[in-house]
Amino acid sequence: MNTEKVVIIGSGCAGWTAAIYTARANLSPLLITGAQPGGLLTTTTTVENFPGFRDGIDGYALMSEMQAQAERFGTRVKLCSLVEKVEFSSRPFRLWVDDEEVRAETVIIAVGAGHRHLGVPGEHELENKGVTFCATCDGAFPRYRNQPLVVVGGGDSACEEAGYLTRFGSKVYLVHRRDSLRASKIMAERALANPKIEPVWDSVVEEVLDRASGHVTGVRLRNVVTGEQSVLPCAGVFVAIGHVPNTAIFRDQVELDEDGYVRLLGGSRTSVPGVFVAGDCADSVYRQAITAAGMGCMAAIDAERYLAACDSPVVEQVAVP
Ligand code: NAP
C-alpha cells in the first residue's frame, strides 16, 4: 500500500493553507475534506477581516479560492470524505477514510470546531423545524419571513446572525446570559444600533417550545438575575453560542486538553511526533480565519522539516520539530 507523505484532515482555512504550502514543497498532499467542505466559513456571510479584501469576501468564495490555489500546486482532494478512525501509535500512521485505509508519514489535523448546543428540552427535537445553527443557511426559509426570531448568544456570531436575520424576520431578539456582549466592538455596536434587534439581557433559554406541535412557537426564558420565567413567542431559534472542537476521533491518539482541544507542544507539534495540528481544533483563544490560515502554514512547514529530518542520514542528531 502506498504511504502518503502528508495527509491533511479538514478543509477550512487551516487545512487549505497547509495544503498550499505542502503542495508547493512538492509533497503532493492528500486532503480529506470532511462532510462539509470548506468548513464553518462557508456558512458565514461576508468575511470583512481577512486581509487583502478591502470590500470583504463571501465566506464560500474565499474557501473556493483557497481550494483552487491548493489544487493548482498538486493537492489531491478526497471530497466529502470522513476520517472515521486513526491509529497514531505505529508508523506509518493509519487512517480509515470511508472504509478505505490510508497510510501517512505525517498528518496535519485541521478539523475545526462544530456548533455548541444549548442542551435544553426541545432543541434537539425541533432542529430544522425552527431550531437552527446557521442563519445564512436557513434564514431565508418562508417560515421565518415577517416573524419574530430569537438569536441566542452574545459573541460575534450571534451579532452577525441577528443582523442577517433582520432581512427576513419582523423582529430579532438577541437573548444573552449577561448584560453586555462579548462580541467585538464594531459587531456589538452594529447589532445594538439596528432598530429591528432587541437585546434580552441576563436571560437563558430553558426550553424551546413547542414539542407537541412539532415546530418552534417560542422559547421559555429565565432571567438569571431575578429568576423570573417568561415565554417569548418566535418562529425560529438561531443558536450561536460558540463552538466545540471536532476532535472525538483523536481521543486516545493525541493529547487533548480538558475542553477537547488538541494540546499544542510548541509550533504546531502535538504529543505524537509527525502529527501536527492547525486551526480552531487547537485554538480556543483567537479562532479567526486568518489565525487558522497562519497555523496551517506553520503545520505545513513543521511537517516538511520533520520529513526532511526523517530522510536525513543523521536523523538522531537533527532537531525534529
Ligand atoms: P464566542 O465568542 O465564544 O461567543 C459565544 C457566546 O455564547 C458568548 O456570548 C457566551 O456567553 C454565549 N454562550 C456560551 N455558552 C452558552 C450557553 N450554554 N448558553 C447561553 N449562552 C452561551 O463564539 P462566537 O460568537 O461563535 O465566535 C467565535 C470566534 O469566531 C470569535 O473569535 C469571533 O470573534 C469569531 N467570529 C468572527 C466573526 C467576524 O469577524 N465576522 C463572525 C463570527 C465569529 P458569555 O459571553 O457569557 O461567555
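Residues numbered from 1 in each chain as written. Predicted model: local features only at pLDDT ≥ 70, side-chain atom pairs only at ≥ 80, totals over all residues. Heavy atoms only, no water.

Enquirer: Where do I start with the pattern of salt bridges in this structure?
Expert: When the charged atoms of two side chains lie near each other, side chains of opposite charge can form a pair. All told, the structure shown has 14 salt bridges when counted by the stated rule. Across the salt bridge formed by Glu198 and Lys171, the nearest N and O atoms sit 3.0 Å from each other. Taken as a pair, Glu198 in strand 13 (residues 197-200) and Lys171 in strand 12 (residues 171-175) lie far apart in primary sequence, 27 residues in all. Residue classification places Glu198 among the partly exposed positions, given a relative accessible area of 34%. Judged by relative accessible area, which is 25%, Lys171 ranks as partly exposed. Bridged by salt links that share partners, the residues Glu125, Glu207, Arg211 and Arg220 form one connected network. (Salt bridge = Lys/Arg side-chain N within 4 Å of Asp/Glu carboxyl O. Helix = DSSP H or I, 4+ residues; strand = E, 2+ residues; numbered from the N terminus. Buried < 20%, exposed > 50% of the residue type's maximum accessible area, 1.4 Å probe, protein only.)

Enquirer: Please explain the site of the ligand as it appears in this structure.
Expert: With respect to spatial proximity, 20 residues lie near the ligand, and among them Asp156, Ser157, Arg178, Arg182 and Gln288 are the closest. Within the side chain of Asn49, a nitrogen or oxygen atom sits 3.0 Å from an oxygen atom of the ligand. Contacts to the ligand include Ser157, whose side-chain N or O atom sits 2.6 Å from an oxygen atom. Computed on the free molecule, the ligand has an accessible area of 910 Å², of which 80% lies beneath the protein chains in the complex. Among the elements that take part in the shell around the ligand, helix 4 (residues 156-165) stands out by supplying three residues, more than any other. Taken together, the residues that form the shell around the ligand break down as four nonpolar, nine polar and seven charged. When residues are assigned to domains, the shell around the ligand turns out to be shared by domain 1 (3-114 + 243-311) and domain 2 (117-239), each giving three or more. (Near = heavy atom within 4 Å. Polar contact = N/O pair within 3.5 Å; in protein donor to acceptor, adjacent residues only side chain to side chain. Areas by Shrake-Rupley, 256 points an atom, 1.4 Å probe, with all protein chains shown as cover. Nonpolar A, V, L, I, M, F, W, Y, C, P; charged D, E, K, R; others polar. Domains from an automatic or database assignment.)

Enquirer: Help me understand a positive patch on the surface, please; the structure alone is not making it clear to me.
Expert: On the surface, a cluster of positive charge is contributed by Arg116, Arg177, Arg178, Arg182 and Arg287. With respect to the element layout, Arg178 can be found in the loop between strand 12 and helix 5 (185-193). Judged by its relative accessible area of 34%, Arg178 falls in the partly exposed class. (Patch = residues over 30% accessible without salt bridge, like charges linked within 9 Å, V, L, I, M, F, W, Y side chains within 5 Å. Lys, Arg positive; Asp, Glu negative; His and termini not counted. Charge placed at Lys NZ, Arg CZ, Asp CG, Glu CD.)

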